[in-house]
Protein chains: 6
Amino acid sequence: MKRGLFIGRFQPLHKGHIEIIKKILREVDELIIGIGSAQESHTLENPFTAGERELMILRSLAEEKIDLSRVHIIPIPDVNNNSVWVSHVLSLSPPFHVVYSGNPLVCRLFREAGFTVRKPPMVKRKEYWGTEIRERMVKNKNWREFVPKAVAEVIEEIEGIARLRELAQTDYPL
Amino acid sequence: MKRGLFIGRFQPLHKGHIEIIKKILREVDELIIGIGSAQESHTLENPFTAGERELMILRSLAEEKIDLSRVHIIPIPDVNNNSVWVSHVLSLSPPFHVVYSGNPLVCRLFREAGFTVRKPPMVKRKEYWGTEIRERMVKNKNWREFVPKAVAEVIEEIEGIARLRELAQTDYPL
Amino acid sequence: MKRGLFIGRFQPLHKGHIEIIKKILREVDELIIGIGSAQESHTLENPFTAGERELMILRSLAEEKIDLSRVHIIPIPDVNNNSVWVSHVLSLSPPFHVVYSGNPLVCRLFREAGFTVRKPPMVKRKEYWGTEIRERMVKNKNWREFVPKAVAEVIEEIEGIARLRELAQTDYPL
Amino acid sequence: MKRGLFIGRFQPLHKGHIEIIKKILREVDELIIGIGSAQESHTLENPFTAGERELMILRSLAEEKIDLSRVHIIPIPDVNNNSVWVSHVLSLSPPFHVVYSGNPLVCRLFREAGFTVRKPPMVKRKEYWGTEIRERMVKNKNWREFVPKAVAEVIEEIEGIARLRELAQTDYPL
Amino acid sequence: MKRGLFIGRFQPLHKGHIEIIKKILREVDELIIGIGSAQESHTLENPFTAGERELMILRSLAEEKIDLSRVHIIPIPDVNNNSVWVSHVLSLSPPFHVVYSGNPLVCRLFREAGFTVRKPPMVKRKEYWGTEIRERMVKNKNWREFVPKAVAEVIEEIEGIARLRELAQTDYPL
Amino acid sequence: MKRGLFIGRFQPLHKGHIEIIKKILREVDELIIGIGSAQESHTLENPFTAGERELMILRSLAEEKIDLSRVHIIPIPDVNNNSVWVSHVLSLSPPFHVVYSGNPLVCRLFREAGFTVRKPPMVKRKEYWGTEIRERMVKNKNWREFVPKAVAEVIEEIEGIARLRELAQTDYPL
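Cut-offs and rules
- Residues numbered from 1 in each chain as written.
- Chains lettered and ligands numbered in written order.
- Predicted model: local features only at pLDDT ≥ 70, side-chain atom pairs only at ≥ 80, totals over all residues.
- Helix = DSSP H or I, 4+ residues; strand = E, 2+ residues; numbered from the N terminus.
- Rg over C-alpha atoms; globule rule 2.2 N^0.38 Å.
- Buried ≥ 20, exposed ≤ 12 C-beta atoms within 10 Å, placed from the backbone.
- Core = buried A, V, L, I, M, F, W, Y, C linked by C-beta atoms within 7 Å.
- Contact = placed C-beta atoms within 7 Å.
- Pairing = 2+ DSSP bridges.
- Axes fitted to C-alpha atoms, helices over the stretch in contact; angles between N-to-C directions.
- Least-squares fit on C-alpha atoms with pLDDT ≥ 70 in both.
- Right-handed = clockwise from strand over helix to strand, strands pointing away.
- Nonpolar A, V, L, I, M, F, W, Y, C, P; charged D, E, K, R; others polar.
- Left-handed = near helix turned anticlockwise from the far one by under 90°.

Some thoughts on the overall build of chain A
No. 1: From N to C terminus, chain A includes seven helices and five strands.
No. 2: Sequence-ordered secondary structure for chain A, helices as α and strands as β, is β-α-β-α-β-α-β-α-β-α-α-α.
No. 3: In terms of overall size, chain A behaves like a compact globule, its C-alpha atoms giving a radius of gyration of 16 Å where 174 residues would be expected to give roughly 16 Å.
No. 4: Overall, the C-alpha framework of chain A stretches about 50 × 40 × 25 Å when taken along its three principal axes.
No. 5: For chain A, with 174 residues in total, the buried portion stands at 50%.

Shown next, in the form of structure tokens:
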């Protein structure tokens, strides 16, 4: 049994993530999708709650007919101590041995803990990038084509665009 | 879309839980299974990590041929403040409106927050009770028949019985 | 300017507290009423939130025609470290120099920090005791005569008795 | 009974705040003044402790002859999770239904929780702004005219100007 | 280079600890003495602060002419999550490979993390036991002969006996 | 008995620190070396764990033949509340009365708590500065001459340069 871990913030899940997930699933038996910064929500950088992101992910995987018994979706809150972060992830997740990440800190921490670390398969289009998508949401530019249909539905259901736009307003000085 | 929440500690998941889950799934479209006290592990009361419990649950649901696109498995760490606990659960979980619980505190907190609360369907056998099962594990009495086959396999894989027995040893006075 | 501190959990505020507060106000210019264990609520020991307790106190003081410009009501959450507790209290409260407490830990901590510590004036009746009053609430025995009228009103407004009774129910084994 | 919430950091309380408070008190029966970021102190942005700010507020309200039985002053420490922030505030405060805030995040969070949110009445002068007042304190420019007399007295009593100036010194490289 | 870890609460350090430390120092090049529950103090179970305990240990080792360049004294606060406890200890301590402990939980956690765990050498006398010594302190019975001379001096300097006796007083009911 | 406190982050310990430590040891009987931001590691600003830094310090002091019975090395995690920081340090450390620091916040907090605060003796060379040394490590420029030999050995042993360089890599956009 070979299990791999792929961590992202998924703010929101986009088609680039789906491509990566499909490719990794060809290399491992089971995949753990870690929802990073799970405690964050309602900011421009992290507009969606961990629960909303889990819903986006499960629905999109089902939409893509991915075998759900091979995927674990695990919210992972931040800890303010890099030295214990790996064992924090380990305690929240089923056992795994390969980690897919392009983040230097994540790579370093898992490598020091003796894990195999691989760069996730590259995805080319710059629109497949959370910052870009959130900006398009705020500015009322097209964003729907870059995310799975299920994600757009969830964002509609939770009125996510209105949330992002309200958060983007200038602060009122007190 | 009607979603329900069912919270347990699942130390470990047993056949009573499976019965309850199946019954609730006849009443709702989607079920959120909350893994309570997610930060606890390696004690006699809470021997298994959140990740180990997630693995037990996902495998057992697959074994039972339950439609996995209808079930969300969400680890829920405790917070030391009852007043914020409901919104803590809400932030980790997809939206829901019905809560299944027999715990008076859980019932009260969700009721004050305006949720419909239902007692989960009763399960008769006293062996379908975590405390009983953990005691049987420590005392080397039969426990396998009370849990799904997948749970027994996971406990084997993580050497869970050895862990429980070592934890049960008398402390050495310093 | 002489300020004194009096800390209690006020679960709920009762007539014994009011007597003590009035007596202390004869000895100091201003009184700080610290609401201890402010983060606790919805348990049999600590049924009411910090906000509900603040409301009970402010209303009862007004009812008693106590000069409100002489009283500071300050919620004080617990910290899990006795060594920093005094400075935690100091940071939440206006400056003070006398502490009224009968709790050995509180007395010790303030004494080591160089404060004058006095036993609060004794109150005789055993009904003037939180545990007794909460038990009477659960058992449907008379409790109203032991608390200020304003406290009974607040408890009514927040349906506090129903809360306590639900919390007192036996747990349902899962 | 109609209660409103008004949250600020009050670093320090200034005459603009007092104007707003008076105006809100014409619209509600009782006002909860939430002292935000209560755990912060001894920085250039947040020089005063929660307790010092409470003292400034209570004294200034008394000075203005505002009926103190209609005002609740509640310190509110930050939580690192926007999703639970509203219920955190609710647990620390007497019940309320209207929120006065111009901060987009505060507005959004309370709106999602079903509260009525209103922009606080505008105050024109740019000196009625905490950043401006703190800068004047550091630079030895006039600041007293922009705060209530009671605030200036408290700052004197706690030697607040010396604190701010020491904090403003350049760091010494180690 | 072989480093070993020995964790205790040292409430207070006694002659039994010193014997154990000397024996372990014959087996390893360097010893890390972990001060457990470092955040605890001012209770009957944990009367002394981490800093007071460090002072007792360093002075006693110097008194015993133990080579201080071979010993690391490290305070270790508790974490509320057994799964991350080992990496928490690892981050606070120089690298080590052998752990000396008789506590079943500590043994289990380090064993699962791949460490060699040894029972510390046995010490016979029942007086070499923290609970016994603290009781003797409270009851004014002889305790000095069971601790190093340096420990008795530190306890004198910090007025530790008065602290313990005040903490042992019956609580005053509010 | 006169004890002094000197706090730094020691990322890493350099020869400037050693000079300061030697000078302070001429003014006090015992010195407490506080390892600040003890919970930080694996970032460009704070690459080394508290345990690694303790090892660097103890070895370097031994190398310099400093009397180790006069020095206490104490890791000090940050707390998110300046008002309790002084008592947090006091609880982790043996008692002291003089503080050596050039940091305005540290100076202010200890002064308000009644401590004598002194600027540490100046060290001239700009290379004796953590930022400069870490940059040299990343850029493969000479850094060894600015730190004690023992520090270079520890960094070698833990492969610290590889860690820093990996952390310095550009993030991979997801």
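Quick word on the nonpolar core
No. 1: Ranked by internal contacts, the top residues of the largest apolar core, which has 261 residues, are A:Ile57, B:Phe6, B:Ile57, C:Ile57, D:Ile57, E:Ile57 and F:Ile57.
No. 2: What F:Ile57 contacts, discounting residues up to four positions off in sequence, is F:Phe10, F:Leu13, F:Ile33 and F:Ile73.

Considerations on the sheet that holds strand S1 (residues 3–8) of chain D
Residues and elements named next belong to chain D.
No. 1: Strand order in the open sheet formed by five strands is S3-S2-S1-S4-S5, and the pairing between neighbours is parallel. Only two strands of the sheet have a single partner each, and these edge strands are strand S3 (71–75) and strand S5 (116–118). Here the strands of the sheet are splayed against their neighbours by 25° on average, with no regard to which way each runs.
No. 2: In the sheet, strand S4 (residues 98–100) pairs with S5 via three bridges, with the strands oriented parallel. Considered in S5, the bridge of Val-99 is made with Val-117.

Side note on the relation of the copies chain B and chain A
No. 1: Placing chain B over chain A gives an RMSD of 0.0 Å and needs a rotation angle of 180°, together with 0.0 Å of translation along the axis. What the rotation and shift describe, once combined, is the action of a two-fold rotation axis. Every residue of chain B has its C-alpha some distance from the rotation axis, and the shortest such distance is that of B:Leu68, at 3.1 Å.
No. 2: Mapped onto chain A, 94% of the interface residues of chain B again fall at the interface, so both copies present the same surface.

Some details on the relation of the copies chain A and chain E
No. 1: Superposing chain A onto chain E requires a rotation of 180° together with a translation of 0.0 Å along the rotation axis, leaving an RMSD of 0.0 Å.
No. 2: The overlap is high: 100% of the interface residues of chain A also sit at the interface in chain E, so the same surface is used on both sides.

Here we look at the pairing of strand S2 (residues 30–35) of chain C
Residue and element names in this part refer to chain C.
No. 1: In terms of burial, S2 is a largely internal element, five of the six residues being buried.
No. 2: By the bridge criterion, six bridges tie strand S1 (residues 3–8) to S2 in an arrangement that is parallel. The residue of S2 that forms the bridge with Leu-5 is Ile-32.
No. 3: A crossover links S1 with its parallel partner S2, the connecting element being helix H1 (residues 15–27), and its sense is right-handed.
No. 4: Where S2 and strand S3 (residues 71–75) come together, five bridges link them in parallel fashion. In the sheet register, Gly-34 faces S3, and the bridge partner there is Ile-74.
No. 5: Each parallel crossover has a hand, and the one from S2 via helix H2 (residues 50–63) to S3 is right-handed.

What to know about the interface of chain B and chain A
No. 1: On the chain A side, the residues contacting the 18 residues of chain B number 17 residues.
No. 2: Residue assignment for the side of chain B that touches chain A shows that the elements contributing at least two residues are helix H2 (50–63), strand S3 (71–75) and helix H3 (82–92) of chain B.
No. 3: With six residues, the top contributor of residues to the side of chain B that touches chain A is H2(B).
No. 4: Of the residues contributing to the side of chain B that touches chain A, the split by class is 10 nonpolar, seven polar and one charged.

As for the packing of helix H2 (residues 50–63) of chain F against helix H6 (residues 149–157) of chain F
Residue and element names in this part refer to chain F.
No. 1: Orientation of H2 relative to H6, taken along the N-to-C sense of each, is 145°, at an axis distance of 8 Å. The crossing of H2 and H6 is right-handed. Within the contact between the two elements, H2 uses Glu-52, Leu-55, Met-56, Arg-59, Ser-60 and Glu-63 and H6 uses Lys-149, Ala-150, Val-151 and Val-154.
No. 2: When the residues that make up the contact of H2 with H6 are grouped by side-chain class, the tally is five nonpolar, one polar and four charged.

Quick notes on the sheet that holds strand S5 (residues 116–118) of chain B
Residues and elements named next belong to chain B.
No. 1: Pairing in this open sheet of five strands is parallel, and the strands run S3-S2-S1-S4-S5 from one edge to the other. Looking at the sheet topology across the chains shown, the edges are occupied by S3 and S5. Going across the sheet, the axis of each strand differs from the next one's by a mean of 25°, ignoring polarity.
No. 2: Along the sheet, helix H1 (residues 15–25) makes contact with strand S1 (3–8), strand S2 (30–35) and strand S4 (98–100), crossing S1 at roughly 170°.

Some thoughts on the environment of A:Ile133
Residues and elements named next belong to chain A.
No. 1: Within the fold, Ile-133 resides in helix H5 (residues 130–138).
No. 2: Here the alpha-carbon distance between Ile-133 and Leu-68, two residues 65 residues apart in the chain, equals 26 Å.
No. 3: Once residues within four sequence positions are removed from consideration, Ile-133 is found in contact with Pro-12, His-14, Trp-143, Phe-146 and Val-147.

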